[in-house]
Amino acid sequence: MIDATEQINAVRRQLGRRVLEAGEARVMTISQTYDAPLEDVWDACTNAERIPRWFLPVSGDLRLHGRYQLEGNAGGTVERCDPPKSFAATWEFGGEVSWIEVRLTPVEDGRTRFELEHVAHVDQERWDQFGPGALGVGWDLGLLGLASHLAADGSGVTPQESEAWMVSEQGRQFVTASSERWGEASVAHGTDAGQARAAMERTTAFYTGAPTA
């Protein structure tokens, strides 16, 4: 089984801002280096038969300008594709549109750095309430799923096991640690420490059901 603490520590999280036509947007970046070659990681992220093995069932046309739909989650349009290095797509959910870009970079010893950037317009009230963890915890779980899928020894958490794992002690610890790290990223980005902690606690409670202070 993949060690939850080790997985949390393997991921890098960063926040930023970007000015778009519709105004200023928030930028969340999450990355991890995997012990797998570039072509294998690319296939895991773009092959409709493999994506459900670590993320969610997907339907649609996974090609440039094609539409995709993740079961019970976001859908969108593939806007850019540069195999096997990067792709970008809209991320449409709940009547709102944001944008994701996945970038893959080969590193030493045949490993691959996976980096996902999520650009979204988030109103200040929602940001103050939950901070970056509202989206960030979900992406941490996605990177855990990919690490599990790529693990050479077959260890990790499969999508079929994820629901039970989420309510386990290890799952709750993972979500709590992820929420805390996104709170730290928020402080590093300039958020008041007390405000960031309050948002982190609300995000943790949302995912785990734990009471807030």
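See the structure shown above.
Residues numbered from 1 in each chain as written. Predicted model: local features only at pLDDT ≥ 70, side-chain atom pairs only at ≥ 80, totals over all residues. Heavy atoms only, no water.

Participant: Can you help me understand the overall build of the protein chain in this one?
Facilitator: Regarding its fold elements, the protein chain presents seven helices and eight strands. Taken against the 2.2 N^0.38 rule, which gives 17 Å for 213 residues, the C-alpha radius of gyration of the protein chain at 17 Å falls within 12% of a compact globule. Each principal axis of the C-alpha distribution contributes one length, and for the protein chain these read about 45 × 45 × 35 Å. For the protein chain, the proportion of contacts with a sequence separation of at least 24, taken over those separated by at least 6, is 52%. When the accessible surface of the protein chain is split by element, carbon and sulfur atoms take 50% of a total near 11200 Å². One finds the centroid of the 19 positive side-chain charges in the protein chain at a distance of 3 Å from the centroid of its 32 negative side-chain charges. (Helix = DSSP H or I, 4+ residues; strand = E, 2+ residues; numbered from the N terminus. Rg over C-alpha atoms; globule rule 2.2 N^0.38 Å. Contact = heavy atoms within 4.5 Å. Areas by Shrake-Rupley, 256 points an atom, 1.4 Å probe, with all protein chains shown as cover. Lys, Arg positive; Asp, Glu negative; His and termini not counted. Charge placed at Lys NZ, Arg CZ, Asp CG, Glu CD.)

Participant: Please explain the packing of aromatic side chains as it appears in this structure.
Facilitator: Where two aromatic rings form a pair, the distance of their centres and the angle of their planes describe that pair. In total, this model carries eight aromatic pairs according to the counting rule given. Pairing Trp91 with Trp139 gives two aromatic rings, centres 5.1 Å apart and planes at 50°, and the pair type is tilted. With a gap of 48 residues between them, Trp91 in strand 6 (residues 86-93) and Trp139 in helix 4 (residues 133-150) connect regions that are remote in the sequence. We classify Trp139 as buried; its relative accessible area is 9%. Here the aromatic cluster, defined as three or more aromatic residues joined through ring pairs, consists of Trp54, Phe55, Trp91 and Trp139. (Phe/Tyr/Trp six-rings, centres within 6.5 Å; stacked < 30°, edge-to-face > 60°. Buried < 20%, exposed > 50% of the residue type's maximum accessible area, 1.4 Å probe, protein only.)

Participant: I'm lost on the environment of Ala188 in this one. Help?
Facilitator: Along the polypeptide, Ala188 turns up in helix 6 (residues 169-188). Owing to a relative accessible area of 71%, Ala188 belongs among the exposed residues under this scheme. Spatially, the C-alpha atoms of Ala188 and Leu143 are 22 Å apart, while their sequence positions differ by 45 residues.

Honestly, it's all geometry; don't read function into it.
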